[in-house]
Structure formats: C-alpha cells, structure tokens
Amino acid sequence: AHKVILDTDPGTDDVIALLLLLASPEVQLEAITVTFGMCRNTDVDHAYNNVLKTYEVVRQHCDAHPEDAHRFDHLNARPQTILSKGAAGPIAGEQALAEYFHGKDGLSNIMETHPEFSFPQPFEHPWLKETDVAAHDVILDVLRREPAKSVTLLAVGPLTNVAKVYAKDPETLARVRRIVIMGGTFDAPGNTTAVAEFNIYADPFAAHQLFSGSSTLPLLVVPLDITSQHTVSFSALILDDPKTLLQTFVSAILARPRRVLAALGYSGDVFEMHDPLAAYMVTMHAAQESDVLLPGFRTTWRDFVIERAGEHTRGMFVVDKRASIEDAGVSRARDGIVAERPTGDVNPGILRVEVL
Ligand code: BDR
Ligand code: CA
C-alpha cells in the first residue's frame, strides 16, 4: 500500500477526506497530524478530537453493520496510524478561523444534536495510536524511517505544521514522494476573502516558507480553481432517513455547511469537495502505483508570490501572468501528464509550483 501522512484540520470536508482514505485499501495512513483551522480558541483540540471521533464512529459502524465492515477490513492488518497534535496558531499574523462554516466544534456542533457521537477516554483504538510527539517531528520521523520517495504528504489545512518541518529539516522533507496541498486560488475567487482561500489565508507565512522550497520539493497544489468545481449534491450526502451510523454521522456533520451556504445565497445546494478531491488524487495515484495523473486532469506550472501583509489581500496568490513558461523554452504539462519539471531562469523571488 502507498504510505501517506495526512495533515488536517477537521473540519467537515476534512472528515469526508479522512473517511475516503480509511476506506481505500491502496492507502496506508502512517500518521495524521492535526493543525488549527476550524473553530475558536481550542481549535486544534477540537480538530484532534474530531479525528478520534471519526475513528470511533467507523469502529462502531463496523460493529453495528457487519455487512459493511469489509470496506475497512484492511485496517485490521495495518500498523496503527500515529495521531499527533500540531500548531495551535499561525507562524505569524492574526489567527483566522472558519467556525462560521464548520461550527464551534468543527463538525456542525454535532454533540448538541448527536451526543452519542462521543468517544471513550482514555481512547484506545486498534487502528489509531496517540502520541505526544509534536506534529512536525512525527512527519520527520516517518520520512526518515521510510525509504526516500515512498511517502506522500497530503496537507489539507493551514500549512503551519508542514512549514515547521521544512524549517527544521528541509533535506528530510525532500525525501517525500509528493506533497499534495489543498489550498490557494489562482484565477477563481477566494472563499475567505475576495482573493484568498482559507488554508493559505490562515497562515500565509507558513505557505510562503514552504513554497519557497518549491525548487527542491515536489509540491502539487490542488487549488479552489478545481476543488470548487467538484461538488456533490447535499441531498446525496445528508439523508432524511439514514440507515447506518456512518450515514447518520455524515448527515449530521454537513448540516451546518448546508445551512450556511444557503444563507449566503449559494445556489445549487451542493458541497464543494475541497479536501476530498485532494485525497481522491492521492488514492488514485496509490491505486495505479504511479503519480501519472488521471485522464481528464492535467497540471500546469504557475509563478506567483504569496501576499502576507496586505490590507485586503492577505493570503492572495499574486500570479505573475507576464512570466510565460513557454517563453522560457521549457515543456509544459500536456494531456494530463507532467513530463518534466520546468527549468530556466526564474526570478528567485517568485514561487513556482505544479498546480492541478
Ligand atoms: C479549505 O478550507 C477548509 O474550510 C476546508 O477544509 C478546506 O481545507 C477550503 O478552502
Ligand atoms: Ca481542511
């Protein structure tokens, strides 16, 4: 199985992404590292607890619905996934939270509606093992232990933990197979401000630090431009008459985003699959045992800087639309296959990353 570290701030769509990873036998989750992002004050604690809660729900689901347990059978034969808590706030700048969208607890305040979705303390679980080691050290431990280019790091929250890894030991981070990042927007509107996507807005300094390593790090960015086009109808996710524990759980955690989006005037009654799409890319690459993109997807290379201090533009990707890769005489991704990393003279102040 393909080894993956998930850095996450659950969060509703993070939980959907986690469920997808858990139900994918091609993927072996080595570690889950948690970051702040979703809710106020104790947000990293809530996010951490939401991972415990998700694992507990899946375990209870398998017990209550043996006919569905085969989806998660492979987890019984795997080493336990390490769970670690990471950054409680950004490297610099004010803390931004997405509580309005995901709820105070990050999951539509599920305990108010479904107190049964708690988890025992102390938490003991066959698939998950908690550690006190800090998130960035857990990521480094896994990358040091596993063969070079064998572990994918999937980052679907603010990039603080990953930037700390890069700051502490860039050579070890460069052993990663790929860093798949849900974050940012290039041409689409922002979802936190007019111009910024949440994960980048929440810690633009971290994003800048990490992306400044993009000449040595295999970064693949999955931005809003593509994730916001991948939607699923809420009516397919939120069931009026859920039959299983997992259906009840998913229906409950998505209730608030549905209400918020309707109140904001979004049409369509659909959920944007930000983190699940990035997780899907990782599972599909794992299934085909190569990083060649799926038919229908293609990547390009973009040059930009990340605004960190702007009055109205914090977290914006300021794209240099003047800098043409073709002009630099290098090949560009075509037909969904990235043939080679572009080379050529690039202004060193400009970041260059591969973008889905
Ligand atoms: C990102 O922000 C969070 O709300 C989602 O979990 C996703 O990671 C989308 O902008
Ligand atoms: Ca997220």
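Residues numbered from 1 in each chain as written. Chains lettered and ligands numbered in written order. Predicted model: local features only at pLDDT ≥ 70, side-chain atom pairs only at ≥ 80, totals over all residues.

A. How the structure looks around the site of ligand 1. Residues in close proximity to ligand 1 total 13 residues, the closest being Gly11, Asp13, Glu197, Phe198 and His274. Among the secondary structure elements, those contributing two or more residues to the shell around ligand 1 are α1 (12-22), α8 (198-202) and α14 (274-288). (Near = placed C-beta within 6 Å. Helix = DSSP H or I, 4+ residues; strand = E, 2+ residues; numbered from the N terminus.)

B. Examining unusual backbone geometry more closely. In this chain, Pro10 is followed by Gly11 through a cis amide linkage whose omega measures -10 degrees. In this fold, Gly11 is placed in the loop between β1 (2-8) and α1. Going from Gln121 to Pro122, the amide bond is cis rather than trans, its omega being -5 degrees. Topologically, Pro122 is positioned in the loop between α4 (110-113) and β4 (128-130). In the Ramachandran plot, Ser108 falls in the positive-phi region, its phi being about 55 degrees despite a non-glycine side chain. Take Ser108: it is sitting in the loop between α3 (99-102) and α4.

C. View of the environment of Tyr201. For Tyr201, the position within the fold is in helix α8. If near-sequence neighbours (up to four positions away) are discounted, Tyr201 is found in contact with Ala96, Thr192, Thr193, Ala196, Arg314 and Gly315. (Contact = placed C-beta atoms within 7 Å.)

D. Expanded view of the confidence of the model for the chain. In this model, the chain carries an average pLDDT of 88, and 90% of its residues clear a pLDDT of 70 or more. Note that pLDDT drops below 50 for residues 325-342; the model gives that stretch 31 contacts with residues more than four away or on any other chain. Reported for the predicted complex are a pTM of 0.92 and an ipTM of 0.99. (pLDDT = per-residue confidence, 0-100.)

E. Inspection of the packing of helix α5 (residues 135-145) against helix α6 (residues 160-168) at higher detail. Between α5 and α6, whose axes approach to 8 Å, the crossing angle comes to 60 degrees. Between α5 and α6, the interaxial angle falls into the category oblique. Seen along the crossing, α5 lies across α6 with a hand that is right-handed. On α6, the residues that touch Ala135, His136, Ile139 and Leu140 of α5 are Asn161, Lys164, Val165 and Lys168. Here the contact of α5 with α6 is built from residues that sort into four nonpolar, two polar and two charged. (Axes fitted to C-alpha atoms, helices over the stretch in contact; angles between N-to-C directions. Parallel < 35°, antiparallel > 145°, perpendicular 65-115°, else oblique. Left-handed = near helix turned anticlockwise from the far one by under 90°. Nonpolar A, V, L, I, M, F, W, Y, C, P; charged D, E, K, R; others polar.)

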